[in-house]
Amino acid sequence: MDIPNIKFKHTVPLQIRFNDIDSLGHINNNIFFSFFDLGKTTYFENIKAQHFTWFDGAIVLARIETDFYSPVYYKEAIAVDTKIAKLGNKSGTFIQQIRNVVTGEIKCRAKSIFVAYNPDLQTSMPIPRIWKDAIEHYEEVTAEEMEG
């Protein structure tokens, strides 16, 4: 996955639980997806609280691509960094990474595609302008700049 070095404005410290650990003493790869979900959820909570509600629609994950670089061990201080790097008409792209907060080492990265979704009609929908405005404001870039 070709993800350039980018700056993340959104970071969430992660707590590793004993049941996250596999027989090799590191976090099972499946747990990373829960960490990514937590990053996405808190990203939108930060924006939503100020700009919009989920009554305008929802998002669903359409694709996720993940590269694992090195294991994460129990008691390692880690965080999930989250950014929306691209916005289209009905979809957008998250870039996320799990990072050791002491060394800065990137443990894994993910690129995921989300789709704006109308739960009443059970179909995709255009991303509401108010969502785009909130994301643009937070990321300090326009949707048009993100489309490139």
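This one's a predicted model, so the numbers in the text were calculated from it and none came from an experiment. (Residues numbered from 1 in each chain as written. Predicted model: local features only at pLDDT ≥ 70, side-chain atom pairs only at ≥ 80, totals over all residues. Heavy atoms only, no water.)

A. Highlighting the nonpolar core. Judged by nonpolar contacts, the single largest core of 15 residues is most densely connected at Tyr43, Ile84, Leu87 and Ile135. Elements with a minimum of two residues in this core: helix H1 (29-51), strand E3 (78-87), strand E5 (106-118) and helix H2 (129-139). Tallying contributions element by element places H2 first for this core, with four residues. Ile78, Val80, Ile98 and Cys108 belong to the second-largest nonpolar core, a separate cluster that totals 14 residues. (Core = buried A, V, L, I, M, F, W, Y, C linked by side-chain atoms within 4.5 Å. Buried < 20%, exposed > 50% of the residue type's maximum accessible area, 1.4 Å probe, protein only. Helix = DSSP H or I, 4+ residues; strand = E, 2+ residues; numbered from the N terminus.)

B. Region of the structure containing the packing of aromatic side chains. The final tally for this structure, using the stated rule, is ten aromatic pairs. With centroids separated by 6.5 Å and ring planes inclined at 90 degrees, the aromatic side chains of phenylalanine 18 and tyrosine 74 adopt a geometry described as edge-to-face. With a gap of 56 residues between them, phenylalanine 18 in the loop between strand E1 (10-14) and H1 and tyrosine 74 in the loop between strand E2 (58-68) and E3 connect regions that are remote in the sequence. The exposure class assigned to phenylalanine 18 is exposed, which follows from its relative accessible area of 69%. Between phenylalanine 32 and phenylalanine 35, the ring centres sit 6.4 Å apart and the planes meet at 80 degrees, which makes this aromatic pair edge-to-face. Here the residue phenylalanine 32 and the residue phenylalanine 35 both occupy positions in helix H1, the gap between them amounting to three residues, near one helical turn. Here phenylalanine 32 matches phenylalanine 35 in class, with each residue buried. Here the aromatic cluster, defined as three or more aromatic residues joined through ring pairs, consists of Tyr43, Phe44, Phe94, Phe114 and Tyr138. Over the aromatic face of tyrosine 138 sits the side chain of lysine 9, whose NZ or CZ is 5.0 Å from the ring centroid. Positioned above the aromatic ring of phenylalanine 94 is the side chain of lysine 40, whose terminal nitrogen or guanidinium carbon lies 5.9 Å from the ring centre. (Phe/Tyr/Trp six-rings, centres within 6.5 Å; stacked < 30°, edge-to-face > 60°. Lys NZ or Arg CZ within 6 Å of the ring centre and 35° of its normal.)

C. Fine view of the environment of isoleucine 64. Inspection of the secondary structure assignment puts isoleucine 64 in strand E2. Taking the C-alpha atoms as reference points, isoleucine 64 and phenylalanine 114, separated by 50 residues in sequence, lie 9.0 Å from one another. If near-sequence neighbours (up to four positions away) are discounted, isoleucine 64 is found in contact with Phe33, Phe36, Ala110, Lys111 and Ser112. (Contact = heavy atoms within 4.5 Å.)

D. Looking closely at the side chain of lysine 132. Inspection of the secondary structure assignment puts lysine 132 in helix H2. Overall, the relative accessible area of 10% leaves lysine 132 in the buried class. Polar contacts involving the side chain of lysine 132 include one to the main-chain carbonyl oxygen of glycine 88, which spans 2.9 Å. (Polar contact = N/O pair within 3.5 Å; in protein donor to acceptor, adjacent residues only side chain to side chain.)

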